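The chain contents come next:
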Amino acid sequence: MTSDVRPDEDGAMTPLPGGKRPPGDRVALRGDLRAALPDATAAVVVTALVFAFLWARMDSGASDTVAVMPFMDDAGTYWMYLLSQAFGWSALLWAWGTVMLGLVLSGPRPARLPVSRQVLEPWHRTTSLTTMALMFAHALMFAAELVRYETKVDWAQRLWVAFADTFVPGWYDSGTGQVAIPIGQGALYLAIPLGLLFYVRHRIGANTWRRLHRFVIVVYVLSVWHTLLYGTNVWYGEWPRTMLWLLQLPVAALLLIRLLRPARRAERLGPAGGGVGRPGWWLRAAGRVAVGAVVVGLLVVVVSGRDGGRDRPTHPPATAPHAQETD
C-alpha cells in the first residue's frame, strides 16, 4: 500500500495539497474497510463465477482436478474444496491487481494516467485488504474440507487436524503439499502484517514502513509459487499454466522499471560509491540484474512453452490427498 503523503526529490515526506495529513491508524483502517466493500463485493461475485465454472467442469468430468485426483469426481461432495480453489484464484487475481497498482504508484510518474493518483492510491489500499480476506478464505475453506474428510476421529481431533494441516507450517505431510502448503502459509503470514503496517506508519516512521513494505513483492512471489506447485487447474504443462506465467511479465517489467527509474532520489543507483556504501551499491545493482533476468526467463518460458508443468498421465493416480487420521 502507499502512503497518503508523497516523497520529495530528496526523500522527505510532505503532506498532500490542501494540507491533508495522514489519518490515524484506527480512522484510516475503518475508512478503508468501508471503502473496500464494493471491491470485496466484486471479489465475491468473481469467486462465485469461478466456483460455478469449477463445479461445471468437475460435474462434466473435464476438470483437471479430477484428472489429478480421480476420487474427486463428485462436485456435491467436494464443494468446499472447489470453493477453496475459487477463493484462491480470486486472491491471486486481486494480488496481481494490487501489486500492479503499487508498482505504478511507486515507480516513475507516467505523464498520463487513465485516473489520478488520488484515485489509484485508495484502490491500492482497498484491493490489498480484499486480497488478505480472500487469502484467508482460501485457507479457511481448505481447512473446512479437511474437517469433512477426516471421518475416522472425533470432532475435536478433526478440528485440530484440519487447523494444523492448514495453518501450522510443516504439519501437512502428503505429496506436493509438504512444500506447497508452507509456501502458501508464508504468503498469508507475511501479507497480513505487511498490509496492515500502513495503518501504523506514523508510529514506526515512514522510512521504516517503506523498507518493510518492499517485501510485499515476496508475498506475491510466494503466492504464484504456491499456485504453480499446488494448483491442480494449472498442474499440467498446458495453456492455463502458460497463461499464468504470461501474467507475470507485466509485474516483472514494472518492477524492473521501478528499480531502474525510482521516483525517490535516494533510491537511484548512481555511480559506485556515490553516497551509497559499496556493499549497498552492489546489492542494489544485483537486484536490478536479478529482476532483468526474471523478465528474460519469463519470456523464454512463454515463448518455449516449457513452463514446468507435468505431463498428463495416461492412467492418473487414484490416491486420496493424504491418509485419514486415526485414534
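Residues numbered from 1 in each chain as written. Predicted model: local features only at pLDDT ≥ 70, side-chain atom pairs only at ≥ 80, totals over all residues. Heavy atoms only, no water.

Let's shift gears to the packing of aromatic side chains. Overall, the coordinates contain nine aromatic pairs when judged by the stated rule. When the centroid spacing of 5.0 Å and the interplanar angle of 85° are considered together, the rings of Phe198 and Tyr199 count as edge-to-face. Tyr199 carries the same exposure label as Phe198, and that label is buried. Through a chain of ring-to-ring contacts, three or more aromatic side chains come together here, namely Phe136, Trp160, Phe163, Phe167 and Trp171. The lysine or arginine in question, Arg201, covers the ring of Phe198, its NZ or CZ lying 4.1 Å from the ring centre. The lysine or arginine in question, Arg310, covers the ring of Trp235, its NZ or CZ lying 3.7 Å from the ring centre. (Phe/Tyr/Trp six-rings, centres within 6.5 Å; stacked < 30°, edge-to-face > 60°. Buried < 20%, exposed > 50% of the residue type's maximum accessible area, 1.4 Å probe, protein only. Lys NZ or Arg CZ within 6 Å of the ring centre and 35° of its normal.)

With that settled, the discussion passes to empty space enclosed by the protein. Applying the stated criterion to the full structure yields two cavities of 30 Å³ or more. Quantified by volume, the largest cavity comes out at close to 520 Å³. Ser84, Gly88, His138, Gly184 and His226 are, among the 28 residues lining the largest cavity, the residues nearest its centre. Of all the secondary structure elements, the ones that give two or more residues to the lining of the largest cavity are α3 (79–106), α4 (117–149), α5 (155–167), α6 (177–196) and α9 (216–230). (1 Å grid on protein atoms, 1.4 Å probe; cavity = no way out; pocket = protein on both sides within 12 Å on 5 of 7 lines; lining within 4 Å. Points joined across faces, edges and corners; volume = space filled by probe spheres on them. Helix = DSSP H or I, 4+ residues; strand = E, 2+ residues; numbered from the N terminus.)

With that settled, the discussion passes to the packing of α9 against helix α11 (residues 248–260). Close contact between α9 and α11 brings their axes to 13 Å; oriented N to C, the two are set at 160°. The orientation of α9 relative to α11 falls into the category roughly antiparallel. The two elements α9 and α11 meet at a crossing, and its hand is left-handed. Touching Ile217, Tyr220 and Val224 of α9 are Gln248, Val251 and Leu255, all from α11. Considered class by class, the residues forming the contact of α9 with α11 number five nonpolar, one polar and no charged. (Axes fitted to C-alpha atoms, helices over the stretch in contact; angles between N-to-C directions. Parallel < 35°, antiparallel > 145°, perpendicular 65-115°, else oblique. Left-handed = near helix turned anticlockwise from the far one by under 90°. Contact = heavy atoms within 4.5 Å. Nonpolar A, V, L, I, M, F, W, Y, C, P; charged D, E, K, R; others polar.)

From the geometry alone we can't say anything about function, so treat these as descriptive.
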